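Results of the structural survey
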Amino acid sequence: MIKLYDFSLSPRARKVRITLAAKGLAYEKVPIDITKGEQKTPEYLAINPYGKVPALQDDGTTVYESTIIMEYLNEAYPTPPLLPDDKGQRARARVLMHYADNPYERAVATLAAELLLKPMQGGATDHKVVSQATTALNLCFDHLTNELGDNDFLVDSTLTLADIPYVSWALLFPRLNVDIPHPRLEAWINRLKEQPSVQAAG
Ligand SMILES: N[C@@H](CCC(=O)N[C@@H](CS)C(=O)NCC(=O)O)C(=O)O
């Protein structure tokens, strides 16, 4: 049985839960409470030396880093395929996954740190940092609007690994007061939120 080392609120762990649901795979969740430092215990560091969630174990293989876990699952369980057949489109999907893991994730994670985590820990929000992250996120929205064009999904006619990180982080938008300034992009995020795999992943 696949084992997912998981924290329910983690957008990176959610990427993996969406992928598992899209593949229809049963798995066992092992909760790692990162608010209690459980990701830094020697037992967990032996599974993921980075001391972060998620991590996954399957058939004697241990994998960490959420994007690499998504790729692993797509190779180990090919049906339904979550990357396009065409190698050029597959490369484009991976570029978009890289974009999600870099400027997009950085902007949303910064907003989450300033607007959710700091106040929870009794700290003060730095509004200059919020404003810079908002500008960065709006640049990402411009770029993604071009990438999406008139399509319903980023690289194919259905959900692929390229869409998954974007919706996983976007589930935080209502709590971060993020408005998506482009109607087509907003419709894409709403379409992703309605996918059964996204709903099942929580
Ligand atoms: N690049 C890693 C980042 C993992 C990551 O930062 N996970 C967060 C939760 S979303 C975490 O475990 N934070 C606790 C910590 O850094 O100690 C991935 O995508 O898997």
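This write-up is about the structure you can find in this document. Each chain has its residues counted from 1, following the order in which its sequence is written. Only residues with pLDDT of at least 70 are given local features in this predicted model, and only at 80 or more are side-chain atom pairs given and counted; all residues enter the totals for whole chains, interfaces and linings. Side-chain measures here rest on the full set of heavy atoms in the structure, leaving out hydrogens and waters.

1. So, the nonpolar core
Buried Ala, Val, Leu, Ile, Met, Phe, Trp, Tyr and Cys residues that are joined via side-chain atoms within 4.5 Å together make up what is termed a nonpolar core. Each residue gets one of three labels from its accessible area relative to the maximum for its type: buried under 20%, exposed over 50%, partly exposed in between, using a 1.4 Å probe on protein chains only. Counting residues in hydrophobic clusters, the biggest one holds 45 residues, and the most contacted among them are Tyr104, Leu137, Tyr166 and Phe173. Those elements that place two or more of their residues in this core are helix H1 (11-23), helix H4 (87-120), helix H5 (127-148), helix H6 (164-170), helix H7 (173-176), helix H8 (183-193) and helix H9 (196-201). Top element by residues in this core is H4. It accounts for 11 residues. For this core, the two domains that each supply at least three residues are domain 1 (2-76) and domain 2 (87-201). Between two residues, a contact is recorded if the distance between any of their heavy atoms is within 4.5 Å. Beyond its immediate chain neighbours, meaning those up to four positions away, phenylalanine 173 contacts Tyr104, Val108, Leu137, Phe141, Val178 and Ile180. Among the nonpolar cores identified, the runner-up in size contains 9 residues, and Ile2, Leu20, Leu25 and Leu73 belong to it. Under the DSSP-based scheme used, a helix requires at least four consecutive residues in state H or I and a strand at least two consecutive residues in state E, with every element numbered from the N terminus. Either an automatic procedure or a domain database provided the assignment from which the domain bounds are taken.

2. A closer look at the pairing of strand E4 (residues 61-64)
As paired strands, strand E3 (residues 55-58) and E4 are joined by 4 bridges and run antiparallel to one another. Across the sheet, the residue bridging to aspartate 58 is threonine 61, located in E4. By the convention used here, strands pair only if DSSP detects at least 2 bridges between them. Hairpin geometry of E3 and E4 is characterised by an intervening segment of 2 residues between the two adjacent antiparallel strands and by a positive phi of about 55 degrees at aspartate 59.

3. Observations regarding the site of the ligand
Every residue lining the ligand is accounted for by Ser10, Pro11, Arg12, Ile34, Gln39, Lys40, Gly51, Lys52, Val53, Pro54, Glu65 and Ser66. Under this definition, polar contacts are N or O atom pairs within 3.5 Å; protein pairs additionally need one hydrogen-donor-capable and one acceptor-capable atom, and for neighbouring residues in sequence, both atoms have to be side-chain atoms. Interatomic distance of 2.6 Å between a side-chain N/O atom of lysine 52 and an oxygen atom of the ligand. One of the backbone nitrogen or oxygen atoms of valine 53 is found 2.8 Å away from a nitrogen atom of the ligand. The accessible surface values rely on the Shrake-Rupley method and a 1.4 Å probe; as for residues, cover is taken only from the protein chains in view. The fraction of the free accessible surface of the ligand (510 Å²) that becomes covered by protein chains is 80%. Note on residue categories: nonpolar means Ala, Val, Leu, Ile, Met, Phe, Trp, Tyr, Cys or Pro, charged means Asp, Glu, Lys or Arg, and polar means any other residue, Gly included. Here the residues of the shell around the ligand sort into 4 nonpolar, 4 polar and 4 charged. For this purpose, a residue is taken to be near a molecule or strand whenever a single non-hydrogen atom of the residue falls within 4 Å of it.

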